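Observations on the three-dimensional arrangement
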Amino acid sequence: MSRPGAFQPTDTLFDDLRLDELRRRPGVKWQRVDPDVLPAWVADMDFAVPAVVADAIEHTVRRGDLGYPSWQDGSPLRTAFADRMQERYGWTVSADAVREHTDLLQALQFVLHLATSPGDAVAVQTPNYPPFLATLETMGRRGVCSPWTRTTAGWTPDLAGLADAVVAHDCRVLLLVNPHNPTGRVLTRDELIEIAAIARRHDLLVFSDEIHAELTYEPHNHIPFASLHEDAAARTVTLTSATKAFSLAGLRCAVAHYGPERLLALRDSQPPDLYGTVSTLGVTGTLAAWRHGAEWHNRLLRVLDRNRRRVAEALASFTGDDRCPMPEATYLYWFEADVLGVGDEPVDEVLARARVLLDGGAGFGPDGQRYLRLNFATSAPLLEEILTRLASLAHR
């Protein structure tokens, strides 16, 4: 697949992927496409899970340790989360305020069910993760969109517009996604402090999705929203998981730190199994990733950084400029559909004409219609083939 100008594999752990093996995977990414299509849509990496995770899960299964777990005071994830926040961000949290969820969507729906009522307004910066927007609609909450601003320097949150929207619609909750999906922006401390001031001024509950935090590229730094100060901590539910950074989505395991004490008490007053519980293997895999996956993760970040730079180079060659800024985090690249010269249904047109499945469009919000999202978490040869197919559209 290599062509003149194409970059060459530099890490066999991540670049030695076989297309026939990927197509046999039962997951949604590869099973929802025809055999001639290359999928770069859903936020799943093509890379195999870290060996330390696979070994930990295999060891648990082989020793027959799949009975009821002895977690009277919660799973070991609670302490592990607190340790990881201290280690990575200098954020001191109590493990007593941490709870397990099967994934971020479940946690969001749980929190909205407990803390809001149908008709309540929820502020959300758009474009945004489609299942979050769909959740608001399904649950009858009013999603109040605050669009990001596209500038020559990249994506900027319109915080004045966010404040105005919160007032105009009497919002109860702010749904914060940082690092941001799909733009890949990492909010700065100054931006977060301004958002915290808005939340304090209008007494907002903040639901902070930080699942992409460990996919942040230097020189950018992730700052947990609740770590800013005491008021931010007291009004924020922080969500994270090892699933994005370690390719473990199928384990269905996430954790939440509940800053609001009354909300935590209300959560704990619910029937304990009403919303499901995490599995032994989910906990095992997450612990292995967090405790022993550093070497794998460091290599991953180098490969992803290389890949995002290659996508940036390719997109610039399509346009002759740098109008498509690199993401500061995530393995997702958000760019204007006009770069490829496609019409009003960009996802469908790219699929039909280039046989590449991307994500994008109106599902990300009203301002996402003319944009596409490319998942670049794959091998160098496969990414090169994806970019070559996209170039066939751009250069017509």
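Residues numbered from 1 in each chain as written. Predicted model: local features only at pLDDT ≥ 70, side-chain atom pairs only at ≥ 80, totals over all residues. Heavy atoms only, no water.

In the annotation of an unreviewed UniProt entry, the entry for the protein chain reads cysteine-S-conjugate beta-lyase, and the organism field reads Pseudonocardia yunnanensis. On record in UniProt, under Sequence similarities (unreviewed entry), the comment for the protein chain is "Belongs to the class-II pyridoxal-phosphate-dependent aminotransferase family. MalY/PatB cystathionine beta-lyase subfamily." (UniProt positions renumbered as here; feature names shortened; annotations may be inferred.)

**Digging into the sheet that holds strand β10 (residues 332-336)**
On the basis of which strands lie adjacent, the open sheet formed by 3 strands has the order β10-β13-β12 and antiparallel pairing. Each end of this open sheet is capped by a strand with a single partner; those strands are β10 and β12 (359-360). Bridge count for β10 against strand β13 (residues 371-375) is 5 bridges, and the pairing is antiparallel. By the bridge assignment, Trp334 is partnered in β13 with Arg373. Of the strands in this sheet, β10 and β13 touch helix α14 (residues 294-319), which is tilted by about 15 degrees from β10. (Pairing = 2+ DSSP bridges. Helix = DSSP H or I, 4+ residues; strand = E, 2+ residues; numbered from the N terminus. Contact = heavy atoms within 4.5 Å. Axes fitted to C-alpha atoms, helices over the stretch in contact; angles between N-to-C directions.)

**Quick look at unusual backbone geometry**
In this structure, Pro127 follows Thr126 across a cis peptide bond, with omega equal to 5 degrees. With respect to the helices and strands, Pro127 occurs in the loop between β3 (121-126) and α7 (130-138). The peptide bond linking Asn181 to Pro182 adopts the cis configuration, its omega dihedral lying at 25 degrees. Tracing the backbone shows Pro182 in the loop between β6 (171-177) and α9 (189-201). Positive phi values are uncommon outside glycine, yet Ser247 reaches one of about 60 degrees.

**A look at the side chain of Asp11**
Mapped onto the elements, Asp11 comes out in the segment before α1 (12-15). The buried category is assigned to Asp11, whose relative accessible area is 10%. (Buried < 20%, exposed > 50% of the residue type's maximum accessible area, 1.4 Å probe, protein only.)

**Quick word on the pairing of strand β5 (residues 154-157)**
Where strand β4 (residues 142-151) and β5 come together, 4 bridges link them in antiparallel fashion. Within β5, the position partnered with Thr149 by the bridge is Thr156. Where β4 folds back onto β5 in an antiparallel hairpin, the turn is made up of 2 residues.

**As for the UniProt feature "domain: Aminotransferase class I/classII large" (unreviewed entry) in the protein chain**
Mapped onto this numbering, the UniProt entry annotates "domain: Aminotransferase class I/classII large" (unreviewed entry) at residues 48-390. As annotated, residues 48-390 comprises 43% helix and 17% strand, and the C-alpha atoms at either end are separated by 26 Å.

**Remarks on the packing of aromatic side chains**
A full pass over the atoms with the stated rule returns 11 aromatic pairs. Geometrically, the ring pair formed by Phe14 and Trp296 is tilted, given 5.5 Å between the ring centres and 55 degrees between the ring planes. One end of the pair, Phe14, is in helix α1; the other, Trp296, is in helix α14, with 282 residues separating them in the sequence. Each member of the pair, Phe14 together with Trp296, is buried. Relative to Phe364, the ring of Trp334 has its centre 4.9 Å away and its plane inclined at 50 degrees; by these criteria the two rings are tilted. Residue Trp334 is found in strand β10, and its partner Phe364 is found in the loop between β12 and β13; the two are separated by 30 residues along the sequence. Among the residues examined, Trp334 registers a relative accessible area of 3% and is labelled buried. Aromatic rings pair up to connect Phe14, Phe47, Phe246 and Trp296 into one cluster. Note that Arg150 overlies the ring of Trp155, its terminal NZ or CZ placed 5.9 Å from the centroid. (Phe/Tyr/Trp six-rings, centres within 6.5 Å; stacked < 30°, edge-to-face > 60°. Lys NZ or Arg CZ within 6 Å of the ring centre and 35° of its normal.)

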